[in-house]
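# Structural features, examined
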Amino acid sequence: MSALATVQAAPGLDTYLEELEDRLAIAVAARPGLVAEIGTEALASGGKRLRPLLVFLTADPEAGSPVAAGVAIELVHMASLVHDDLIDGAELRRGRASVWSAYGAGAARAGGVYLFARAFAELAETGDGGAVAILADAALALVRGEGLERNQRHRPETSVEEYLNRCTLKTAKLFEAACLLSSRRPELGEFGLALGIAFQIVDDCLDCAGQTVETGKIAGTDLREGIPTLPLLLAAREDALVRQALAGGSLEGALLRVAASGAIEEARQVARNYAERALACLDGLEARDELEAIAEAVVDRTA
Ligand code: FPP
Ligand code: MG
């Protein structure tokens, strides 16, 4: 069975995903107006729903429905992307105009805050204070991660450790939260954390070499913005032209030099190592096959 088929065959998944989409649509439409329109538009653009999937696959079967947690985590993710595209000056998301480029910067700011607020409203309704605390912790990490990214901008001397710390905060903590919200099992949280780092490294590789028709994004944004990602850092160690481009110099030919340097393959290997580390957290756990399949899909993805 392919990795995807293994996940799709998980009992109850179809019903969960249908309910998730319905509840997401209701959640973003809760306060009609421009921000609801932005939310509806962001929802319609799709997305892998990877974090809600992790909520479902790690959920304690004895606990209540994981749908509210899935909705809340996807809304925080959507909110962060709306703001991230504004910060990164990214014009495309999922093959469509990003929110700021379609509606303007002010509307994107307000839309992101609205989605963020709706996320916590959905989770608070469950009365599960522990879940709210887990998501609040992850949301704070997102902001700290984004702050680190700002500090590391145009710094080709950023260490791999500093980069990994940024990945942990801006991406992996939300994966960790997805795996903890309905399970409260630390080993599943650790799985999510390692998987999230693998996910971000692959994302950063796709930014160097991904195809817009697959990723729905324009490649080269990180280099243009001077964001020291793992493939760029590794290439910059060997190549003065890439180092200068990352520091804010000319971009001419730099992305081609990154591709030719072998740094993207090297970074992908680091991502595979993190996926292995994630899998090691699952020893003896149920739903292992599906989570293993997700880890495989994360490191092999092209979109
Ligand atoms: C995508 O990174 C961005 C994130 C994972 C986090 C962004 C976080 C914020 C903007 C702060 C928090 C804001 C809210 C509203 C919670 P990327 O640019 O590497 O990925 P990309 O290629 O998909 O754009
Ligand atoms: Mg971005």
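You'll find the structure just up there.
Residues numbered from 1 in each chain as written. Chains lettered and ligands numbered in written order. Predicted model: local features only at pLDDT ≥ 70, side-chain atom pairs only at ≥ 80, totals over all residues. Heavy atoms only, no water.

## Points about the site of ligand 1
Contacts to ligand 1 come from 17 residues, most closely from Asp 84, Asp 88, Arg 93, Lys 170 and Lys 217. Contacts to ligand 1 include Asp 88, whose side-chain N or O atom sits 2.8 Å from an oxygen atom. The separation between an oxygen atom of ligand 1 and a polar side-chain atom of Lys 170 is 2.8 Å. Here ligand 1, which alone exposes 640 Å², has 90% of that area covered by the protein. Mapped onto the shell around ligand 1, the elements with two or more residues apiece are α5 (67-88), α8 (129-152), α9 (160-181) and α10 (186-209). Examining the composition of the shell around ligand 1, we find that six residues originate from one element, α5, more than from any other. In terms of residue class, the shell around ligand 1 is made up of five nonpolar, four polar and eight charged. (Near = heavy atom within 4 Å. Polar contact = N/O pair within 3.5 Å; in protein donor to acceptor, adjacent residues only side chain to side chain. Areas by Shrake-Rupley, 256 points an atom, 1.4 Å probe, with all protein chains shown as cover. Helix = DSSP H or I, 4+ residues; strand = E, 2+ residues; numbered from the N terminus. Nonpolar A, V, L, I, M, F, W, Y, C, P; charged D, E, K, R; others polar.)

## Here we look at the coordination of the magnesium ion (ligand 2)
Each pair of donors in an ideal octahedron of six around a metal sits at 90 or 180 degrees, and each pair in an ideal tetrahedron of four sits at 109.5 degrees. Listed as protein donors to the magnesium ion (ligand 2) are Asp 84 (OD) and Asp 88 (OD); their distances from the metal cover 2.0 to 2.1 Å. Here Asp 84 pairs with Asp 88, and both are found in helix α5, just four residues apart, close to one helical turn. Asp 88 matches Asp 84 in its accessibility class, with the two residues each being buried. (Donors = N, O, S within 2.8 Å, 3.2 Å for Na, K, Ca; no water. Buried < 20%, exposed > 50% of the residue type's maximum accessible area, 1.4 Å probe, protein only.)

## Quick word on unusual backbone geometry
Note: most peptide bonds trans; most residues except glycine with negative phi. Its identity is not glycine, yet Arg 49 carries a phi of approximately 55°, on the positive side. Mapping Arg 49 onto the fold places it in the loop between α3 (34-44) and α4 (50-58). Looking at Arg 49, the relative accessible area reads 8%, which means it is buried. You will see that His 154, though not glycine, has its phi angle at about 60°, which is positive. Inspection of the secondary structure puts His 154 in the loop between α8 and α9.

## Points about the packing of α5 against helix α7 (residues 105-124)
Working note: a packed helix pair is described by the angle between its axes plus the distance between those axes. Contact pair α5 / α7: the axes reach a minimum separation of 8 Å and the direction vectors enclose 165°. Classified by the angle their axes make, α5 and α7 are roughly antiparallel. The chirality of how α5 crosses α7 is left-handed. Contacts from Ala 68, Ala 69, Val 71, Ala 72, Leu 75, Val 76, Met 78, Ala 79, Val 82, His 83 and Leu 86 in α5 reach Ala 105, Ala 108, Arg 109, Gly 112, Val 113, Leu 115, Phe 116, Arg 118, Ala 119, Phe 120, Glu 122 and Leu 123 in α7. Residues that form the contact of α5 with α7 fall into these classes: 18 nonpolar, two polar and three charged. (Axes fitted to C-alpha atoms, helices over the stretch in contact; angles between N-to-C directions. Parallel < 35°, antiparallel > 145°, perpendicular 65-115°, else oblique. Left-handed = near helix turned anticlockwise from the far one by under 90°. Contact = heavy atoms within 4.5 Å.)

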